[in-house]
Amino acid sequence: MRISHRLYLTMLPAIVGVLLMVALAYYGQYAHVAPHPVLLVGAFVVVVSVVLTWSNARFVARRIERLASKHRVAASVAAGETDNTPDELDQIASVVHRLSSAVEVAETGRAERERAFEKRARDYARLLVSVADASTTRLDDVRLPLHILLENHFGELNENQEEMLGAARTAAEAADADMHTLRQMAELDLGERALRRDRMKPADIIAALRTQLMATAEIAKVTLEFDIAPLLPALTGDRALLQDALTTLFRGVVETSSADSRVLLTAERGERQVRFVVSSDGSAPVSVSWAAAVRVVQAHGGTVNRRPDGLWIELPTEGA
């Protein structure tokens, strides 16, 4: 039986009620027992009930038929049901079942892809650790002869030769520092580097960085100002690691700011985080040290966003 027919059958009790009220009115009037107000109120209630029941049944039936008409199915219902003809709900249930199966397959595929991506990322991180260790060893093999040649002269070296050897040693040391930084990033991604849980006040962090940042601003010929909100909530994390990361990020923006410009570093309270903002037109430098600093902030549950009006860094507060 179709759902619309079932809904229309719900009209039967109301119709029976109308007939009973007619009978009650007739026999009550005949015996002079039922008061007229009672009969009138009862008749009104029954009529309203009939109208509402018909209106609701017609509305629901049309909506179900309209929904089911978009997804007709040819298969009959499963054995054991009372009717072999699928009604509108069977058609809708079939569509819902297919959609649920499709969603389940999609969710399974997504979970498998996420696991594959995570495994691949860990494999890349381990490969990066291996490459960083091997490169560091090779760089040591380069730096040692350069150091010996520059410190112990085996024969006369002209000025150009000394400059070339010095530049080579500087480049080797810079590459070695980048390898150490890459290894640190890989360790953070692999979870092999334990982070300390130091309690830090944002004002103390800025105070520790102020001297370095002022020196950087002086070299870049910019005016650096600070605006630290009072009574900021404390942060939790690896003090040394986080402080070095913030220094790298702040200095990177200050160094790339336009000469004679004004740079404002602010620290303010968020909903459940402390927000550091460096308002400047400086561009974020693309370097290994910058990427590593961003990764350190992310490892502490924070975010780093480069915007047209400056650099935004958010770190969760203690207990967040």
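Keep in mind it's a predicted model, so treat the numbers as computed, not measured.

Draft legend 1. Layout of the overall build of the protein chain. Each helix and strand counted, the protein chain has 8 helices and 7 strands in total. Within the protein chain, contacts between residues separated by at least 24 positions form 72% of all contacts whose residues are at least 6 apart in sequence. With the model as given, the accessible surface of the protein chain reaches about 20,300 Å², and the carbon-plus-sulfur share is 58%.

Draft legend 2. Examining the packing of helix α6 (residues 202-220) against helix α7 (residues 239-255) more closely. Contact geometry of α6 with α7 gives a least axis separation of 10 Å together with a crossing angle of 25°. Overall, the two elements α6 and α7 adopt an arrangement that is roughly parallel. By crossing handedness, the relation of α6 to α7 is classed as right-handed. Mapping the contact onto sequence places Ile205, Ile206, Ala208, Leu209, Gln212, Leu213, Thr216, Ala217 and Ala220 in α6 and Gln243, Leu246, Thr247, Phe250, Arg251, Val254 and Glu255 in α7. Considering only residue class, the contact of α6 with α7 consists of 10 nonpolar, 4 polar and 2 charged.

Draft legend 3. Quick look at a negative patch on the surface. A cluster of acidic residues, Glu156, Glu159, Glu162 and Glu163, forms a negative patch at the surface. Looking at where Glu156 falls in the secondary structure, it is placed in the loop between α4 (88-151) and α5 (159-190).

Draft legend 4. The layout of surface pockets, seen in detail. One number sums up the size of the largest pocket: a volume of about 180 Å³. Around the largest pocket, the lining comprises 14 residues; the ones closest to its centre are Arg197, Thr236, His300, Pro316 and Thr317. Within the residue set of the lining of the largest pocket, elements represented by two or more residues are β3 (235-237) and β7 (310-316). The class makeup of the residues in the lining of the largest pocket is 7 nonpolar, 4 polar and 3 charged.

Draft legend 5. Structural context of unusual backbone geometry. Phi at Lys221 is positive, roughly 60°, even though this residue is not glycine. Secondary-structure assignment places Lys221 in the loop between α6 and β2 (223-228). Residue classification places Lys221 among the exposed residues on the basis of a relative accessible area of 59%. The backbone of Leu231 shows a phi angle near 55°, a positive value even though the residue is not glycine.

Draft legend 6. Region of interest: the packing of aromatic side chains. Summed over all chains, the structure comprises 1 aromatic pair. Here Phe250 and Phe276 contribute two aromatic rings whose centre-to-centre distance is 6.2 Å and whose plane-to-plane angle is 55°, an arrangement assigned as tilted. Here Phe250, found in helix α7, pairs with Phe276, found in strand β5 (residues 273-279); they are 26 residues apart in sequence, far enough to count as distant. Residue class for Phe250 comes out buried when judged on its relative accessible area of 1%.

Draft legend 7. Geometry of the pattern of salt bridges. For the coordinates displayed, the defined rule picks out 7 salt bridges. Arg110 is the salt-bridge partner of Glu107, the closest N and O atoms lying 2.7 Å from each other. Linking Glu107 with Arg110, this pair stays in helix α4, spanning 3 residues, or about one helical turn. Overall, Glu107 belongs to the partly exposed group, its relative accessible area being 40%. The class of Arg110 is partly exposed, set by a relative accessible area of 36%. In this structure, Glu255 engages Arg251 in a salt bridge whose closest nitrogen and oxygen atoms are separated by 3.7 Å. Here Glu255 pairs with Arg251, and both are found in helix α7, just 4 residues apart, close to one helical turn. When its relative accessible area of 45% is taken as the criterion, Glu255 is described as partly exposed. Residue Arg251 is classed as partly exposed on the basis of its relative accessible area, which comes to 31%. Connected through salt bridges with shared partners, the residues Glu268, Arg275 and Glu314 form a single ionic network.

Draft legend 8. The pairing of β5, seen in detail. Counting buried residues along β5, 6 of its 7 residues qualify, which places the element largely inside the surrounding structure. Alignment of strand β4 (residues 262-269) against β5, held across 6 bridges, turns out to be antiparallel. For Thr266, the partnering residue across the bridge sits in β5 and is Val277. Counting the residues in the hairpin turn of β4 and β5 gives 3 residues.

Draft legend 9. Highlighting the confidence of the model for the protein chain. The predicted model of the protein chain has a mean per-residue pLDDT of 77, with 77% of residues at 70 or higher. In this model, residues 73-83 is a region of pLDDT below 50 whose contacts with residues beyond four sequence positions or in other chains number 12 contacts.

How each quantity is defined
Residues numbered from 1 in each chain as written. Predicted model: local features only at pLDDT ≥ 70, side-chain atom pairs only at ≥ 80, totals over all residues. Heavy atoms only, no water. Helix = DSSP H or I, 4+ residues; strand = E, 2+ residues; numbered from the N terminus. Contact = heavy atoms within 4.5 Å. Areas by Shrake-Rupley, 256 points an atom, 1.4 Å probe, with all protein chains shown as cover. Axes fitted to C-alpha atoms, helices over the stretch in contact; angles between N-to-C directions. Parallel < 35°, antiparallel > 145°, perpendicular 65-115°, else oblique. Left-handed = near helix turned anticlockwise from the far one by under 90°. Nonpolar A, V, L, I, M, F, W, Y, C, P; charged D, E, K, R; others polar. Patch = residues over 30% accessible without salt bridge, like charges linked within 9 Å, V, L, I, M, F, W, Y side chains within 5 Å. Salt bridge = Lys/Arg side-chain N within 4 Å of Asp/Glu carboxyl O. Lys, Arg positive; Asp, Glu negative; His and termini not counted. Charge placed at Lys NZ, Arg CZ, Asp CG, Glu CD. 1 Å grid on protein atoms, 1.4 Å probe; cavity = no way out; pocket = protein on both sides within 12 Å on 5 of 7 lines; lining within 4 Å. Points joined across faces, edges and corners; volume = space filled by probe spheres on them. Buried < 20%, exposed > 50% of the residue type's maximum accessible area, 1.4 Å probe, protein only. Phe/Tyr/Trp six-rings, centres within 6.5 Å; stacked < 30°, edge-to-face > 60°. Pairing = 2+ DSSP bridges. pLDDT = per-residue confidence, 0-100.

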